[in-house]
Structure formats: structure tokens, C-alpha cells
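Here is how the chains run, residue by residue.
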Amino acid sequence: DYYSNEIIAEIYAQALEKAGYTIERQYRIGQREAYLPEIEAGRIDLFPEYTGPLLQYWQPDTKARLADDVYAELSARTPKGLRVLNQSPATDQDAYTVTNQFAKKWNLSTMDDLANVTVPMTLGGNSEGENRPNGPKGLLRTYSVKVRFTPIEDGGGPLTVKALKDGDIQLAIIYTADPTIAANGLVSLEDTKGLFLASHVVPLASDKLDKQAADIINTISRTMTPEQLIALNARSINEQLPAATIATDWLKKNVS
């Protein structure tokens, strides 16, 4: 349930339609806990995912952290009937994010520095984030930092940003490719101990996807860069353009 995923999915859809495939679109269908069972059951054939978070869903105790290691283990752990196609250079990394004011007050630049904060801290995020490996339990286990949790159901969107700026929460997990970080003067804290895994865009595909379709999607993945992903997201936020328009423009410019 994330606009960036919808844009990438629309790029996939339009490229496949141009090649003669019939595509049924199902966007904004929920968080990973909701849609992965649908994919595993064979009711979805293609989905834009992210390597690290997807691996942690299937292997919560994974020790892999670097991009190639994460991708290799993800490929090995993907359930029968599914496969991951080639990972993209484009990344959308989870990161603990604070306001610039909070960072300056407590001299924060890394997640280690959170241990020096002497006031209670609250993490805001989608409700399922409370029990994910990179939620409060993971932060306590990895950095010995204890935080409270409050649900904000917009995936790091404007409600989350407002809660940060209003001081209702002190921490949020916001993707690094989100242009609102720069626009709102927010600070992403460096994850020195690898709480967050490498997170590259990766297509999760059913084995029913044929070679021609897989080749089309792999071309898209190879072409998309981290900078382009940020620019795509910025067009959605700043220009309020629909995903279909953003996808059409990107394909015209980048994929013949």
C-alpha cells in the first residue's frame, strides 16, 4: 500500500501490455502480511518487492545484510511456485528518521546515538511494524534502545511526517527514496549495526510468468537507478500525477 510500488507495478504492466500480454491490475492491496499469502496461493503473478524486507518475512533470523548476500539467500528461500527475478540497482531502504531539530538537540547521526537520548521516545508506523524485526523489539535487541510504539497507518506518509514535526512521535521508519525527507528537513539515521537489510527493488514472480515476460521485467529492473526511483516518487508527491502517467513517461524515456 505504497505509491512507489504502484508506480513500479504500472511500469511492469504497461511494458507487458505493449508486448501483447493481458494485465489485471490490483494495486494498494495492503501490507506484506496481507498480500504475500495471496502471492503464495498463486492468485498474483507479479509484484514489485524489496529484497531485504521480503527475505526477513520468510527468514526473520537471517544474518545476511549486504545486497548480494541478501539476494542470494532470498533466491534460495523463495517458496515453491515463486521466484525472484533480477534485483534492480534501484533501492528504497528502510531507515529510522527523525526531525532535524531532534537530531541537533541530541546530536544524532547514527542509530547508536539514540542510546544517549534521555527522554521517552515513541516510534510511529503502520500497526504491523510493531512486531516486525526492525520494529521496537529489533531496536532494543540490536541497539539496546527502548521505544514505545504508536500506529499511524499511512506507510511513512504525510500523517507520519506531521506526527514527527508536531512531536507526537520522535522516530519513524521512512524509505530513503521518499522525497519528503529532503522536503521536510528530516534526518535518516545511519544503521551501523545492520538492523535493516539491503533493500533493492526486486520483482517477485510466479513460475507461470514466461521467459519473454521475465526478460521484459528484468530489462526494467536493470535500467532503473536509485536516482530515478526518487524522481518517480517526487513526481507522485509534488506533481500529484497518477501512476499511469508517471510510468508512461519513464518507459518512453528509458525503455525502447
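The rules behind these values
Residues numbered from 1 in each chain as written. Predicted model: local features only at pLDDT ≥ 70, side-chain atom pairs only at ≥ 80, totals over all residues. Heavy atoms only, no water. Axes fitted to C-alpha atoms, helices over the stretch in contact; angles between N-to-C directions. Helix = DSSP H or I, 4+ residues; strand = E, 2+ residues; numbered from the N terminus. Left-handed = near helix turned anticlockwise from the far one by under 90°. Contact = heavy atoms within 4.5 Å. Nonpolar A, V, L, I, M, F, W, Y, C, P; charged D, E, K, R; others polar. Pairing = 2+ DSSP bridges. Salt bridge = Lys/Arg side-chain N within 4 Å of Asp/Glu carboxyl O. Buried < 20%, exposed > 50% of the residue type's maximum accessible area, 1.4 Å probe, protein only.

### Description of the packing of helix α10 (residues 226-238) against helix α11 (residues 243-254)
Here comes step 1: Remark: α10 packs on α11, axes separated minimally by 10 Å, with the N-to-C direction vectors making an angle of 145°. The crossing of α10 and α11 is right-handed. Across the interface between the two elements, Gln228, Leu232, Arg235 and Ser236 of α10 pack against Ile246, Asp249, Trp250 and Asn254 of α11.
Here comes step 2: A per-class count over the contact of α10 with α11 returns three nonpolar, three polar and two charged.

### Regarding the sheet that holds strand β2 (residues 82-84)
Here comes step 1: Spatially, three strands are ordered β1-β8-β2 in an open sheet, and the strand pairing comes out antiparallel. On the outer flanks of this sheet lie β1 (46-50) and β2, each paired with one strand and no other. Ignoring which end each strand starts from, the neighbouring axes of this sheet average 30° apart.
Here comes step 2: Where β2 and strand β8 (residues 201-206) come together, three bridges link them in antiparallel fashion.

### Points about the pattern of salt bridges
Here comes step 1: All chains considered together, the criterion is met by 13 salt bridges.
Here comes step 2: A salt bridge links Arg83 to Asp207, with the shortest nitrogen-to-oxygen separation between them at 3.8 Å. Of this pair, Arg83 sits in strand β2 while Asp207 sits in the loop between β8 and α9 (211-223), placing them 124 residues apart in sequence.
Here comes step 3: Owing to a relative accessible area of 46%, Asp207 belongs among the partly exposed residues under this scheme.
Here comes step 4: Measuring nitrogen to oxygen at the nearest pair gives 3.8 Å for the salt bridge that ties Asp112 to Lys193. Separated by 81 residues along the polypeptide, Asp112 in the loop between α5 (100-106) and β4 (122-125) and Lys193 in the loop between β7 (186-188) and β8 bring together distant segments of the chain.
Here comes step 5: For Asp112, a relative accessible area of 28% translates into the label partly exposed.

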